[in-house]
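Survey of secondary and tertiary structure
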Amino acid sequence: GGAMATVGPRSFSAAEVRARCAQGACLVSCHRRLYDLSGFVRLHPGGEQLLRRRAGTDVSAALDGPPHRHSANARRWLEQYYVGDIEPGDEQGFAAPNPATAAQLCAWYQDALWVPQRYNHCLPPQDLVDWKKPLLWQVGYLGEKYDEWVHQPVDRPIRLFHSDFFEFLSKTAWYVVFMVWTPVVLYLSWVSYTSLAQGNTRLFSSFTTEYSIPVHKYYFPFIFLLGMILWSLLEYLIHRFVFHMKPPASNYYLITLHFLLHGQHHKSPFDSSRLVFPPVPASLVIGFFYGVLRLLLPEVLGLSVFVGGLCGYVIYDMMHYYLHYGSPKKGTYLYGLKAYHVKHHFEHQRSGFGISTRFWDYPFRTLIPEETFKKED
């Protein structure tokens, strides 16, 4: 397409800001700079309550307030929502509003759904890639700049491929994963249980028939659970050592592979079409793990472990989507997990690899320190 004209920042009066907020917008000021956080506020852990309290005040105070302090990446992220400046003289109207005014100023609708905002054209296009073209073939040329670039998140959709067909295969809605794999889990669970019920499955039968151990159908729930536990460990190991490998700056292909596997998600963590694993490429990976289990275990036993792992994967993908788009209640386990995962994206990319559980971060010593969630004095 043709070149887009540069749109400069505009000025807002206090009356105009209040009118917008009365219509449901969430606007926050910082030294006369005005930010529209309407789309993002629900996605931030505690952001809805925090910004409702502090709307109209200096946002630098809100950034360092509870529930946790914020990183430099979080401050850069804020600039994407810059919409203009408050007219000179009107900023006093936002300095110390009473609670009623603050609540009115940020009248956020509880049932609103987040819709990805268009890129903020008030900002100068300072980037190392051309966002008008597919990114997958560009990132390899960033070399030593790639690692820093990919860990500075933005709020805009990503296109990977020139081909519409491959682009389609690389994206999916969250519910497609649930719809595709849940029937598979149910069917294979039934096959595993009924096969075990025939009483023909024995452990170690390939080594010795005299001391082989029969596997009864009543063991199926425990084998299924073992599969889920093994998946959670595998999830951690893949996330840490594959998704977060640091590709050599001189290797175009490894940088490209890293971006395809996980870098794209860290660059644009709220691209809703790229938060779960699309079924077509997922089926190739899942088929590989099924083949490995078939080689290591008796057929029915391997299938029982596999189906538990597959169930764990579905829970993981649903959990990952929820941690980005859900609004868990403050103080709940999911609220803490969401805050933990946000920290991983914005500040601690080399730790905090657990998604559905933080358990494996403990023994592997990659836990994000608790003190980073507290307000600095």
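Criteria and cut-off values
- Within every chain, residues take consecutive numbers counted from 1 along the sequence as written.
- Given that this is a predicted model, residues contribute local features only at a pLDDT of at least 70 and side-chain atom pairs are listed and counted only at 80 or more, while totals for whole chains, interfaces and linings are drawn from all residues.
- Working from all heavy atoms in the structure, the side-chain values ignore hydrogens and water.
- Only the stretch in contact is used when fitting a helix axis, every axis being a line fitted to C-alpha atoms; angles between N-to-C directions are given from 0 to 180 degrees.
- Helix and strand definitions follow DSSP, with helices as H or I runs of at least four residues and strands as E runs of at least two, each counted in order from the N terminus.
- Oblique is the label for any angle not covered by the other classes, which are roughly parallel (under 35 degrees), roughly antiparallel (over 145) and roughly perpendicular (65 to 115).
- For any pair of crossing helices, the crossing counts as left-handed if the nearer helix is rotated counterclockwise from the farther one by less than a right angle, and right-handed if it is rotated clockwise.
- Two residues qualify as a contact provided that any one of their heavy atoms is within 4.5 Å of a heavy atom in the partner residue.
- Nonpolar side chains (Val, Leu, Ile, Met, Phe, Trp, Tyr) within 5 Å and like charges within 9 Å form the patches, drawn only from residues with over 30% relative accessible area and no salt bridge.
- Surface exposure here means Shrake-Rupley accessible area, sampled with a 1.4 Å probe, where a residue is shielded only by the protein chains that are shown.
- In what follows, salt bridge is the name for a side-chain nitrogen of Lys or Arg lying within 4 Å of a carboxyl oxygen of Asp or Glu.
- Note on pairing: DSSP must find at least two bridges between two strands before they are called paired.
- Confidence of the predictor at the level of single residues is captured by pLDDT, which takes values from 0 to 100.

Structural notes on the packing of helix H9 (residues 220-243) against helix H12 (residues 299-325)
- Interhelical geometry of H9 versus H12 gives an angle of 55 degrees and a closest axis separation of 7 Å. In terms of axis orientation, H9 runs oblique to H12. H9 and H12 meet at a crossing whose hand is right-handed. Contacts between H9 and H12 involve Phe 220, Ile 223, Phe 224, Gly 227, Met 228, Leu 230, Trp 231 and Glu 235 on the former and, on the latter, Leu 301, Ser 304, Val 305, Val 307, Gly 308, Gly 309, Cys 311, Gly 312, Tyr 313, Ile 315 and Tyr 316.

A closer look at a nonpolar patch on the surface
- Taken together, the side chains of Leu 237, Phe 241, Val 242, Leu 257, Leu 260, Leu 261 and Phe 364 make up a nonpolar region of the molecular surface, amounting to roughly 540 Å² of accessible area.
- Put simply, the parts of the chain that give the nonpolar patch at least two residues each are H9 and helix H10 (252-267).
- Note that Leu 257 resides in helix H10.

Focus: the pairing of strand S4 (residues 82-86)
- Here strand S1 (residues 10-12) runs beside S4; their pairing, made up of 3 bridges, is parallel. The partner of Ser 11 across the bridge, within S4, is Asp 85.
- Strand direction decides the pairing type here: strand S3 (residues 33-36) and S4, joined by 3 bridges, are antiparallel. If you follow Arg 33 over to S4, its bridge partner there is Asp 85.

A word on the confidence of the model for the protein
- Scored by pLDDT, the protein comes out at a mean of 78, with 71% of its residues at no less than 70.
- Here helix H5 (residues 99-105) stands out as the least confident element of the protein, with mean pLDDT 35; H10 is the most confident, with 96.
- Per-residue pLDDT stays below 50 along residues 50-68; that stretch engages in 60 contacts with residues further than four places along the chain or on separate chains.
- Overall, residues 95-125 carries pLDDT values under 50, and its contacts beyond four positions in sequence, including any with other chains, amount to 71 contacts.

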